[in-house]
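Topology and contacts: notes
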Amino acid sequence: MATNLTSSLRSTQVLRFVPVLSSLCVIIGVAWLLLLPLEDYSRKTYISENALLPGQVHTYFGGSEQNVFRAYRNEVSALGVNASVGGEMAEKIGGILTASGLKVGRQKYSYTAAGEEYHGENVYAVLQAPRGDATEAIVLCAAWINMDGLLNESGVALVLTLARYLKRWSLWSKDIIFLIASDSRAGPQAWVDAYHDMHSGAVSSLPLKSGAIQGVVVVDYPSVQSFDSLHIVYDGINGQLPNLDLINTAVRIASGQMGIRTTLQEMWQHDDKYADRLRTMLRGMMNQGLGHASGAHSSFIPYHIDAITLQAYGEGRHDETTLGRTVESLLRSLNNLLEHFHQSFFFYLLMANRRFVSIGTYLPSAMLIAVNFTFAAIGLWIETGRAKAKPIPLVSEKGEGETTTLLQDGFEASPQIVERVERPMLLPLAFIIGVHSLGFIPLYLFNNLDEKNFTPVFYAFTIANVFLPPLLSTLFTLTFHPTATHFRLIKCFSLLTLGMFLSALATLNFSLSFMIGLCSVPFTFIRPFPQTRWSAGLFSLLLLQGLTPTSALVAIAYYWGESVSGILKEAAFGWVVWGMWTQVFVWCVWWPTWIVVGVLACASWSLEEEDEKEKEEGLYVKKLL
């Protein structure tokens, strides 16, 4: 009996520290992230693969090639933006590549997302390596229309010029594929899917192929003027990143060999101080967390192909010759690779062009946020199975049925036995499964509706979110008459599921796990309140309305300067074309947990009697021991 009473007391004491422990996990996790930009917690970038030898070769692009470049740029400008849809672009560019002595292939594709059809035609050419056996290849790509919807005049012209120029050299040990994609979003995805025979019926097969692709360089240069800096875009689909050696090589060549200032995450002015490092890191986390494509390079990364986009920015002293030499030197470095990128980091956060943190340094911050939910779930599990004391009738000299009174430290009590409560598992588990199944409704709707229906359906869904928790709480309470233990177990299982998914997600997409976890922190502390404390329940409901995924969607639309329907359209396009799974975690993990916590906040039943009973039992255990 003494052992059981001691266990009961210890569990009571542990429960007091669970909220404190959860709070500490959140505070330390956020503080950990904010410390990363400091000198002591981040590292300077370095080249792990010595065979790359960035910037160690002399480049010869220039001279008469400028005249060729200007001629090609005039040809591109004359075709215009709409030439990529009707096949006119593929016909003209294919003729230019054929005239350069290269084997040319064309590919048509068509996708349907959010009620809109995306179609076009890619054209590409293969430069067979004089010193290779066609087992490895490098891709040099330029999209006809860039991510901003602009005609990539100088970018396409530069790739065509380099195709003509690089064919003269006999030093290549890897094939070079020159790809002119119809656009930056669907075109590269259709091409790389067909290259690996993973395309659907609406995407044509490729007539020409080469070996395994070792690296991809995308040129984005829509302007006809000289540029000031080179913006390196590296974010991939679903938060995947290229090998850090590729980014470091591009930075070394551009800034070291060519004297071009390099920037990341649209940080056009960066003084390498704490504030700019933090902003660069947070911008990178936002792009990684959303999981969308940031350029034509993004479609290659899910196939374990390291790819980046070199984007010319601003007005300055650098022209197409400098950019062409940069690309030439970068291709020479990729040509030196003896094997696929593997030595450097695939999981990292960049905070400057020469400063980063690896996964071993930043991962604990997201893990601590996720562990906060697990600790809260463990506390609720202990609370629902705490030992309870009951009096034992004893036989005394006075007769049967009488109880002997014990005195302990001046308190009067009866001898008791300790019984462990059996947890009712069926109802809480069924409720959790049912609520998480509801997540497939918005997942299906927002990925299959037409664009014109996004706005009314979104606002209707937002209004439904206001009434859904009270409605479910009322129906659940009137139908099944749950007790306080049922609701504690429901919250226990919900937080345990959330913590489990976020912990697994942190290793795949750290930023998405951290953002969802941070928005879900109040879920740990919101609980059912009795009728006498209706104001606390009302405050919890108001707080929850700001933590719903719909509110996050509005915030993202404001951050991007887009409409809500535009964000939903992009998400639907990503689901169909890119294979984005950000929506799965939002609608099938985050949103159901929000509903469960909302139901708990709306639950209103008579808890006074149970609370008083628990207080008396806890007081007895304390007095007896």
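You'll find the structure just up there.
The text that follows walks through the structure, step by step, so that each part is easy to find. (Residues numbered from 1 in each chain as written. Predicted model: local features only at pLDDT ≥ 70, side-chain atom pairs only at ≥ 80, totals over all residues. Heavy atoms only, no water.)

1. Description of a nonpolar patch on the surface
Note the threshold: Residues qualify for a patch when their relative accessible area is over 30% and they have no salt bridge, like charges being joined within 9 Å and the nonpolar side chains of Val, Leu, Ile, Met, Phe, Trp and Tyr within 5 Å. Each accessible area is a Shrake-Rupley estimate made with a 1.4 Å probe; only the visible protein chains count as cover when residues are assessed. Any Lys or Arg side-chain nitrogen located within 4 Å of an Asp or Glu carboxyl oxygen qualifies as a salt bridge. Working definition: helices are DSSP H or I runs of at least four residues, strands are E runs of at least two. Numbering for both runs from the N terminus. Remark: exposure states derive from per-residue accessible area (1.4 Å probe, protein chains only) relative to the maximum for the residue type, with buried under 20%, exposed over 50%, and partly exposed in between.
A surface patch of nonpolar side chains, amounting to about 410 Å² of accessible area, comprises Leu34, Leu35, Leu38, Tyr41 and Tyr274. Its location among the elements puts Leu38 in the loop between helix H1 (2-35) and strand E1 (43-44). Of the residues examined, Leu38 reaches a relative accessible area of 34% and is grouped as partly exposed.

2. Some words on the packing of helix H13 (residues 451-480) against helix H19 (residues 582-602)
Condition: Here, axes are lines fitted to C-alpha atoms. For helices the fit covers the stretch in contact, and angles between N-to-C directions go from 0 to 180 degrees. Any angle between 65 and 115 degrees counts as roughly perpendicular, while under 35 counts as roughly parallel, over 145 as roughly antiparallel, and the rest as oblique. Handedness of a crossing is defined here by the sense of rotation of the near helix relative to the far one, left-handed for an anticlockwise turn of less than a right angle and right-handed for a clockwise turn. The contact rule is simple, with two residues in contact once any of their heavy atoms fall within 4.5 Å. When residues are sorted by character, Ala, Val, Leu, Ile, Met, Phe, Trp, Tyr, Cys and Pro go into the nonpolar class, Asp, Glu, Lys and Arg into the charged class, and all the rest, Gly among them, into the polar class.
Relative to each other, H13 and H19 sit at 50°, their axes nearing to 7 Å. Comparing their axes, H19 and H13 come out oblique. Note that H13 runs across H19; the crossing there is right-handed. Contacts from Phe461, Asn465, Leu468, Pro469, Pro470, Leu472 and Ser473 in H13 reach Trp587, Trp591, Trp594, Ile595, Gly598, Val599 and Cys602 in H19. Across the contact of H13 with H19, the residue classes break down as 11 nonpolar, 3 polar and no charged.

3. Some points on the pairing of strand E11 (residues 355-358)
Operational definition: Only strands joined by at least two bridges in the DSSP assignment are considered to pair.
Because side chains alternate across E11, one face comprises the buried residues Arg355 and Val357, and the other comprises Phe356 and Ser358, equally buried. Two strands pair when backbone bridges link them, and E1 and E11 are joined in this way by 2 bridges, in the antiparallel orientation. When the bridges of E11 are listed, Lys44 appears paired with Arg355. Across 4 bridges, the pairing between strand E10 (residues 348-352) and E11 is antiparallel.

4. Considerations on the packing of helix H5 (residues 153-166) against helix H9 (residues 320-335)
Close contact between H5 and H9 brings their axes to 11 Å; oriented N to C, the two are set at 55°. Of the possible angle classes, the one that applies to H5 and H9 is oblique. In the crossing of H5 with H9, the sense of the turn from one axis to the other is right-handed. Mapping the contact onto sequence places Leu158, Leu162, Tyr165 and Leu166 in H5 and Glu320, Leu323, Gly324, Val327, Glu328 and Leu331 in H9. When its residues are assigned to classes, the contact of H5 with H9 shows 7 nonpolar, 1 polar and 2 charged.

5. Concerning the sheet that holds strand E7 (residues 227-233)
Spatial strand order, E2-E3-E5-E4-E6-E9-E7-E8: 8 strands in an open sheet with mixed pairing. Looking at which strands have only one partner, the edges of the open sheet turn out to be strand E2 (103-113) and strand E8 (261-264). Ignoring which end each strand starts from, the neighbouring axes of this sheet average 25° apart. With 5 bridges connecting them, strand E6 (residues 212-220) and strand E9 (residues 307-318) associate as parallel partners. Note on E9: the bridge partner recorded for Val217 is Ile308. Against the sheet, helix H18 (residues 564-578) makes contact with E2 and strand E3 (116-127), and its axis sits at roughly 125° relative to E2, the strand it touches most.

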